[in-house]
Every structure is written in C-alpha cells, then in structure tokens.
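Commentary on secondary and tertiary structure
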Amino acid sequence: MATYISTTDDASVAAAAESLLARASAARRQVEQHTFGPNKVWKVEATQGLMADSKHSEVLSEELGLPQLPEMVFVDNTVTVFFNEQPRISFNARDALSRVSLTPDQNLKVAATEKWREARKDSEYIDRETVKFDWTFTTEYFGTLLNVPESSIREVRDKKEAIDLAKLMRRDPIQFFQDMILFEDELSDNGCALLNVKLRVMKSCFLLLLRFYLRVDDVIVRVIDSRFYSEPDWNFLVWEFTKREDSIEKLKAEEIGYGEITKPDEISQKLSVIYQSTKVIDL
C-alpha cells in the first residue's frame, strides 16, 4: 500500500482518499451472474469496471514490486466460477501480474529491449530498474483457486475426463457469454501483450479460456492458454494448459503474414507447442 506521512491531518486525508477511491471503484462496476446445472450447483459471475487510474496503478505497482505496469490494467475485471455456492476459481489482473518475472526474458533480442527502454527514458525507474523484470509481462497465471486446496489438482484418471470437442463444436444456444480484458500493453509500439478471459455457457457444458498473447515485432510471438471445461453434472474441472511460441523469422519463412500474426485466435493454431498438460481440479 502507499506510504503516507504520519500526521493526523494527512492520515485523515489519505483515509478519506482511499475511501473515495473504493466507493468510486464499486460504483463503476457491472456484475452479471448466471446459474446452471442440477439444482443450480454451478454459478459464474463476471465483474467489469474501468481501467485503473494513476493512483490505483501506483499502489498496485508498489505492491507487486514491478517497476512498470501494462498501459491498461482493468483491476475490477474478474470472472469467478462457483460450485455448491462457494467460489472455486477466479481470474483477475492483480494475481496475473503477480506472476510476472522480476528477471528479464533472456530469449528476447537486446534490440527489442533497448527500443522499450528508449521509449520509457523519462521514467524514474528506467536507468537500472527495468532490466530487473520481464517487460513483456509474460505470465503463466492460470487462475486463483478459492476454497480448493492445491492437492485437488490431479492427473487425469479416466478418458471421460476430457474437453468434449464435439459438444463445443455443436451450434447449441449460448446461455451466457463474456469476453473481457484483464490487461494490455503495446510495448511502446513494438508489439502487444494482452491477457483476456472468455467464457461461454451452454446447456450441455461450459468453457473458459484464459489467454496471454505476446507479439514483439520482428522478434517473437507467444501464446499461453489455460482452458477450463466442465459439464453441469460434474463436480470437477478439466484444465488444459498450453504454451506456444515461435520467432517472427520462422513464421515469415512459413509465409505467415503480419495480418495473421496480429490475430491471437488465428496465430495460436500455427505456433509450435512448447509445453502442454491436462489436469483435473476436483471441487
């Protein structure tokens, strides 16, 4: 949290300011809910708000120890999955950014880093601090478990514990849909770092996709996906984690154009798989 001078008047002003910010944040939020499944055992809740202002960004940056935050951070945007009236997993920008490394990504070219530093040369941190964190904001965050011990994450035991692609490809009516950004940065016009979450609920199943997309122009494209799938009468989630990555040079050699590279849904299917796993989360 921000540090204030310890005087009665200043402390009162600071407390009033924090209270005002909290009330303003609450007032600008929009919350949508949807329940489904036998006896309505499942519920999804989506909260959307405005982009963090400079005050919120300053507090969050200090809390996380990051010299720089993405240009757009939507701290109020969250998606939460409930089961048996308890929140089980949630997705939010603050926890995602807490997984950003405080050491730079060694796979990126020095030239790309220097372009980024030059664009931020007026920052008080830029001289030394920026080399101490991953300025691409790459995060392998898969969500925040709530009321679920980590021991509930296990290996697949049955072939039925899988994402049913046939059900997802059917044109069943969508009962609930959300697509929201958690954070985004244009890397000083050198690319894009984007974390967003998509959710769709049908009568037979639901799918949530948390996707981190990174494009550093002339350097690299990276996509990190966490898919969560379940069905109304299940008491578990199937979690599929995939990390894909390729150099821009390789993609150009394969005659993949810039238009495709800038579209996460399209390019994700053409990148090399670096790592993939499927787990089950018992609820």
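The structure this text deals with has already been given above.
The written sequence of each chain sets the order in which its residues are numbered from 1. Where local features are concerned, this predicted model is filtered to residues with pLDDT of at least 70; where side-chain atom pairs are given and counted, the filter is 80 or more; whole-chain, interface and lining totals use all residues. As a rule here, side-chain values come from all non-hydrogen atoms in the structure, and water together with hydrogens is ignored.

1. A closer look at the overall build of the chain
Of the regular secondary structure elements, the chain holds 8 helices and 13 strands. Burial here depends on accessible area, computed with a 1.4 Å probe over protein chains only, as a share of the maximum for the residue type. Under 20% is buried, over 50% is exposed, and the range in between is partly exposed. Within the chain, the fraction of its 283 residues that count as buried is 50%. By the convention used here, residues are in contact when the closest approach between their heavy atoms is within 4.5 Å. Taking as baseline every contact in the chain between residues at least 6 positions apart, the subset at least 24 positions apart corresponds to 66%. Of the roughly 14,900 Å² of accessible surface on the chain, 50% is carried by carbon and sulfur atoms. The way it works is that DSSP assigns letters per residue, a run of H or I at least four long becomes a helix, a run of E at least two long becomes a strand, and they are numbered from the N terminus. Computed with the Shrake-Rupley method and a 1.4 Å probe, the accessible areas treat only the protein chains shown as cover for residues.

2. Some remarks on the sheet that holds strand β11 (residues 220-230)
Reading across from one edge, β3-β8-β9-β10-β11-β12-β13-β7 is the order of the 8 strands in this open sheet, with antiparallel pairing throughout. Each edge of the sheet is formed by a strand with only one pairing partner; in this case those strands are β3 (72-73) and β7 (153-155). Strand pairing requires that DSSP identify at least two bridges connecting the strands. Of the pairings in the sheet, the one linking strand β12 (residues 236-247) to strand β13 (residues 273-282) comprises 9 bridges and is antiparallel in character. When the sheet's bridge partners are listed, L237 is paired in β13 with I281.

3. Notes on the sheet that holds strand β1 (residues 30-36)
The strand order across the open sheet formed by 5 strands is β1-β2-β4-β5-β6, and the pairing between neighbours is antiparallel. Each edge of the open sheet carries a strand with a single partner, namely β1 and β6 (144-145). Bridge count for β1 against strand β2 (residues 42-48) is 7 bridges, and the pairing is antiparallel. Bridging from a neighbouring strand, F36 pairs with W42 of β2.

4. Notes on helix α2 (residues 54-64)
Within α2, the full set of buried residues consists of V59, L60, S61 and L64. Considering only its buried residues, α2 is in contact with β3 and α3 (93-97). At the exit of α2 stands G65, carrying a positive phi of roughly 75 degrees.

5. Brief notes about the nonpolar core
Among the buried residues, those of types Ala, Val, Leu, Ile, Met, Phe, Trp, Tyr and Cys that are joined through side-chain atoms within 4.5 Å form a nonpolar core. Residues L97 and F228 are the most contacted members of the largest nonpolar core, which totals 50 residues. The element that contributes the greatest number of residues to this core is strand β10 (residues 206-216), accounting for 6 residues. Every residue in contact with L97, bar those within four places of it in the chain, is listed here: L60, L64, L66, L69, P70, V73, F137 and F183. Ranked by size, the runner-up nonpolar core spans 11 residues in total, among them C192, Y213, I248 and L271.

6. Quick notes on the environment of F176
Relative to the assigned elements, F176 resides in strand β8 (residues 176-185). Note: C-alpha distance between F176 and E32 (144 residues apart in sequence) is 9.5 Å. Contact partners of F176, with chain neighbours within four places excluded, come to E32, Q33, H34, V44, A46, L199, R200 and V201.

7. Quick look at unusual backbone geometry
Keep in mind that most residues, glycine aside, have a negative phi and that most peptide bonds are trans. One non-glycine residue, N39, lies in positive phi territory at about 55 degrees. Here N39 shows up in the loop between β1 and β2. Overall, N39 belongs to the exposed group, its relative accessible area being 77%. Backbone geometry at D218 places phi at a positive 70 degrees, although glycine is not the residue there.

8. Here's the deal with the pattern of salt bridges
For this analysis, a salt bridge means a side-chain nitrogen from Lys or Arg found within 4 Å of a carboxyl oxygen belonging to Asp or Glu. Tallying each qualifying case throughout the model produces 21 salt bridges. Among the ionic pairs, D218 bridges to K252, the shortest N-O distance being 3.7 Å. In this pair, D218 sits in the loop between β10 and β11 while K252 sits in helix α6 (residues 248-253), placing the two residues 34 residues apart along the sequence. Since its relative accessible area comes to 51%, K252 is described here as exposed. E260 is the salt-bridge partner of K270, the closest N and O atoms lying 2.3 Å from each other. Here K270 is found in the loop between α8 (264-267) and β13, whereas its partner E260 is found in helix α7 (residues 258-261), with 10 residues between them in sequence. A residue is classified by how much of its surface remains accessible, and E260, at 22% relative accessible area, is partly exposed. By sharing partners, the salt bridges in this structure join K198, R211, D225, R227, R244 and D265 into a single network.

9. Examining the pairing of strand β4 (residues 78-83)
Every regular strand shows the same layout, with side chains that alternate between the two sheet faces. For β4, a buried count of 6 out of 6 residues is recorded, marking the element as mostly surrounded by other parts of the structure. Neither face of β4 is left uncovered, since the one carrying T78, T80 and F82 and the one carrying V79, V81 and F83 both have all their residues buried. By the bridge criterion, 6 bridges tie β2 to β4 in an arrangement that is antiparallel. Along β4, the bridge assignment pairs K43 with F82.

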